[in-house]
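Each chain, letter by letter, is given below.
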Amino acid sequence: MTVRFAFQWLACVPRGWGVGAALLASLVGTVPVAAAPAAEIPVEHFFRNPAISQLRFSPSGRYIAALVPHERRLNLVIMDREAKTKNLITAFKDFSISSYRWANDDRLVMLLDDDGDEDLLPFAINRDGKDFMKFDDTRAFIEISRSDPKNPRRVLALSNQTYRDRADPVWLDVKTGKVTVIAANPGDVRGWVLDWNHVARFGISGRLLEQTILYRDKAGDAWRTLARFKDGEPSWRPLAFAGDNRTVYVTSNVGRKTFALYTYDTVTHQRSAEPVFADPGDRYDVTEVIIGGTEGKVVGARYVTDRITEVYWDPTYQRRQRILDEALPGLVNTQQLVTEDGRQVLVISRSDREPGVYYLFDEERRKIEELAVIRPHLDPAALAPMKAVRYRARDGLEIEAMLTLPVGRAPQGLPLIINPHGGPFGIRDEWRYSPEVQLYANRGFAVLQPNYRGSGGYGQWFEQRGYRTWGRAMQDDLTDAVKWAVESGLADPQRVVIAGASYGGYAAMAGVTFTPELYAAGVNYVGVTDLKLIAAQRRSRDDRKLWIKTRMGDLFEDAEELAARSPVNFAPQIRAPVIMAYGQTDPRVTREHGDDMRAAMTKHGKEFEFLIESGEGHGFRKEENAIAFYTRVDAFLKRHVLSKVDVKVGPSEVLQLPAKSGE
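Everything numeric here is computed off the predicted structure, so don't read it as measured data. (Residues numbered from 1 in each chain as written. Predicted model: local features only at pLDDT ≥ 70, side-chain atom pairs only at ≥ 80, totals over all residues. Heavy atoms only, no water.)

Asker: Looking at this structure, I do not really get helix α3 (residues 315-327). What am I missing?
Answerer: Three- or four-residue spacings in an α-helix give side chains the same orientation, since the helix completes a turn every 3.6 residues. An ideal rise of 1.5 Å per residue puts 18 Å on 13 residues; α3 measures up with 18 Å between its terminal C-alpha atoms. The set of residues buried in α3 consists of Tyr-317, Arg-320, Gln-321, Ile-323, Leu-324 and Ala-327. Buried residues in α3, looked at end-on, bunch into an arc of 165 degrees, giving them a common side. At the N-terminal end of α3, a side-chain oxygen is found 3.1 Å from the backbone nitrogen of Thr-316, two or three residues along, and the residue is Asp-314. (Helix = DSSP H or I, 4+ residues; strand = E, 2+ residues; numbered from the N terminus. Expected span 1.5 Å × (residues − 1). Buried < 20%, exposed > 50% of the residue type's maximum accessible area, 1.4 Å probe, protein only. Arc of directions from axis to C-beta. Polar contact = N/O pair within 3.5 Å; in protein donor to acceptor, adjacent residues only side chain to side chain.)

In structure tokens form, the structure reads like this:
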């Protein structure tokens, strides 16, 4: 789709959003219309590979690369914008490309995980599909950061060269695979900041729960300590250099409730007195800067309120964003990439019901061109809207949650799924498209995603409220979410499910064991079931032992408490049916968590389904495995929950819930 602009910027209506109906309503007035629930969407529509993803300009802007499905795996396609050709240049059949970067206009580098263990392997290939190379002599890679405009034969990357579990910034030669270490990790550095001459100037070190900010003026200098912060203390952290290679942007919560963005002068070693940007309500952390081009110009900040929010102070980016938001209303419109000449911008637009549409924005020619739709088989109008709500936990703490209500059903007496996120620390849910949430909503469930204490983005103080509260206060926040939903009239107390992955899987098992009266069913996807087991598995380093001790509990000192919060020890209390799934090679939550839980439930005659996939890790990446798992979840929920009571049908619009608890 191409939209041309004459005297003003016209609204470009996203696909499937019904401009005709909107126009009619504006002319004759809004008339309430009863609507049936949305038609059932096949499970595979939510979980099959996207039709296209990770679009990126080549350095010149002439070519666009992307990942597309081929033989059920994500492979590289190259589009020549001048010749108007499109060629598939890889044909992996066993695993998908995880990520890739252009090194120059003729060669690309990609990373792949071939067995789910999260050790990524680098490959390279020419734009025409020739000179394919697997770099066998390299250690595991973490990411390819960017190309080098001054040397087209190399890309900047992070790779575990010095230590297996610590990354070094390196150059990767895209023709030979040779790795050149830019800065060898002294042993404890977990984050690096390079200047625009590609010199590693800052290292963020973490050891024994103490964060140290290391600094040097130039390559070859000895590292010196600028600051040291004990665990939980207010702190600051460098993010990125400005183009002058003197000023660095830092985030800090010193003297504040949340993290804000400041500048730091590396000559005077003084931080700016006032923030460059902070959340106006001091509710959300600001933790990211937006860099325009390749010369280090910081043009704005990106952070998450209830959704991704971008704030620009650069006039060019401000103007573009205003035009995009007017043309594409109701969407989060992100200026992803800009061509070297600054004339064209690759934009991705997303929402709670729109998985994503890529546009090419040419401000000079006054044109927005739709390039690709990530999931064209999904109609946004058929998907369920999401919104942020808040409720009070039993101790008075305010919890923000995302609520998704099914289309065409009155928000009264609905079956409910409590869907806690993983992590648990530093992670959070936000207003966005989620295939899992949309599947549940399409089947008639209301879905509530609480950002329980311990979640990230609300300030360090909020995350610390979750420490050592696995199965206790963090779980109480989920129980209180159920109570809020039932008391508001939204949820049917007889049809409440708890479903989650990783820590969310732990929360699901904790829910059906510690509060069995609440839940009609549980879904545990790669979830922890034994806190003593995970504490024992993470004692290879002193800093890991201390992290576990402060966040969960010590394997020996707190052995009794860890056992008391481990669902594997409380299988007799389970009343509801449970479905569980694990990856054979999961490096985070090993399959023993599933095996031991299965044995305990079998011993006590509990009803459950169990699935383990070989060649999969912490979550199923192969399309067929993800579809198979959620197909079983769908059938499981229909059998154990949805078949119990007929769901009431009501008006199609989302109604405002009763007054929020605690307000």
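Asker: What is the right way to read the pairing of strand β29 (residues 386-392) from this model?
Answerer: Within a regular strand, side chains alternate between the sheet's two faces. As defined by bridge partners, β29 adjoins strand β30 (residues 398-404) across seven bridges and the pair is classed as antiparallel. Paired with Arg-390 across the strands is Glu-400, a residue of β30. With antiparallel pairing between neighbouring strands as the criterion, β29 and β30 make up a hairpin whose turn holds five residues, including Gly-396 at a positive phi of roughly 95 degrees. (Pairing = 2+ DSSP bridges.)

Asker: Just to check I follow, could you spell out empty space enclosed by the protein for this structure?
Answerer: Rolling a probe over the atoms, with the probe sized like a water molecule, indicates the empty space that remains. Under the definition given, this model contains two cavities of 30 Å³ or more. Empty space within the largest cavity amounts to approximately 60 Å³. If you go around the largest cavity, the residues you meet are Pro-37, Ala-38, Ala-382, Leu-383, Ala-384, Pro-406, Val-407, Arg-409, Gln-438, Ala-441, Asn-442 and Gly-444. Considered class by class, the residues forming the lining of the largest cavity number eight nonpolar, three polar and one charged. (1 Å grid on protein atoms, 1.4 Å probe; cavity = no way out; pocket = protein on both sides within 12 Å on 5 of 7 lines; lining within 4 Å. Points joined across faces, edges and corners; volume = space filled by probe spheres on them. Nonpolar A, V, L, I, M, F, W, Y, C, P; charged D, E, K, R; others polar.)

Asker: Would you explain the nonpolar core in this entry?
Answerer: Nonpolar side chains in soluble globular proteins tend to end up buried together. Of all hydrophobic cores here, the largest spans 68 residues; its most connected members are Ile-418, Leu-448 and Trp-470. Beyond its immediate chain neighbours, meaning those up to four positions away, Ile-418 contacts Leu-448, Pro-450, Leu-478, Ala-481, Val-482, Val-496, Val-497, Ile-498, Ala-499 and Tyr-519. Val-332, Leu-439, Ile-627 and Val-641 belong to the second-largest nonpolar core, a separate cluster that totals 37 residues. (Core = buried A, V, L, I, M, F, W, Y, C linked by side-chain atoms within 4.5 Å. Contact = heavy atoms within 4.5 Å.)

Asker: Before we go on, may I ask you to explain the environment of Trp-313 in this structure?
Answerer: In this fold, Trp-313 is placed in the loop between β24 (308-312) and α3. For the pair Trp-313 and Arg-538, spaced 225 residues apart in the sequence, the C-alpha separation amounts to 43 Å. Excluding its chain neighbours within four sequence positions, the residues that come into contact with Trp-313 are Tyr-249, Leu-261, Val-276, Phe-277, Val-298, Val-299, Gly-300, Ala-301 and Gln-318. There is a polar contact of 3.2 Å between the side chain of Trp-313 and the backbone oxygen of Val-298.

Asker: Explanation requested: the sheet that holds strand β3 (residues 63-70) in the structure shown.
Answerer: By way of backbone hydrogen bonds, the strands of a sheet pair with one another, either parallel or antiparallel. Pairing within the open sheet is antiparallel, and its four strands lie in the order β2-β3-β4-β5. Taken across any chain shown, the strands that pair with only one partner, and hence form the sheet edges, are β2 (53-57) and β5 (85-88). This sheet shows a mean twist of 25 degrees between the axes of neighbouring strands, independent of strand direction. Of the pairings in the sheet, the one linking β2 to β3 comprises three bridges and is antiparallel in character. Residue pairing for β3: Ser-53 is matched across the bridge by Leu-67. (Axes fitted to C-alpha atoms, helices over the stretch in contact; angles between N-to-C directions.)

Asker: Whenever I open this one, the packing of helix α6 (residues 473-487) against helix α7 (residues 503-514) confuses me. Can you help?
Answerer: Packed helix pairs are characterised by how far apart their axes lie and by the angle those axes make with each other. At a minimum axis separation of 11 Å, α6 and α7 run at an interaxial angle of 70 degrees. As far as their axial angle goes, α7 and α6 are roughly perpendicular. Contacts between α6 and α7 involve Met-474, Gln-475 and Leu-478 from the former and Tyr-503, Ala-507, Ala-510 and Gly-511 from the latter. When the residues that make up the contact of α6 with α7 are grouped by side-chain class, the tally is five nonpolar, two polar and no charged. (Parallel < 35°, antiparallel > 145°, perpendicular 65-115°, else oblique.)

Asker: Help me out: how do you make sense of the pattern of salt bridges in this one?
Answerer: Within the structure shown, the criterion is met by 48 salt bridges. Where Arg-428 meets Glu-400, a salt bridge forms, and the shortest distance between an N and an O atom there is 3.2 Å. Note that Arg-428 is positioned in the loop between β31 (414-418) and α4 (435-442) and Glu-400 in strand β30, a separation of 28 residues in sequence. Across the pair, Glu-400 and Arg-428 agree in class, each one buried. Note that Lys-638 and Asp-634 form a salt bridge whose closest N and O atoms lie 3.2 Å from each other. Residue Lys-638 and its partner Asp-634 are located together in helix α12 (residues 623-642), separated by four residues, close to a single helical turn. Via salt bridges that share partners, Glu-40, Arg-443, Asp-634 and Lys-638 belong to a single interconnected network. (Salt bridge = Lys/Arg side-chain N within 4 Å of Asp/Glu carboxyl O.)

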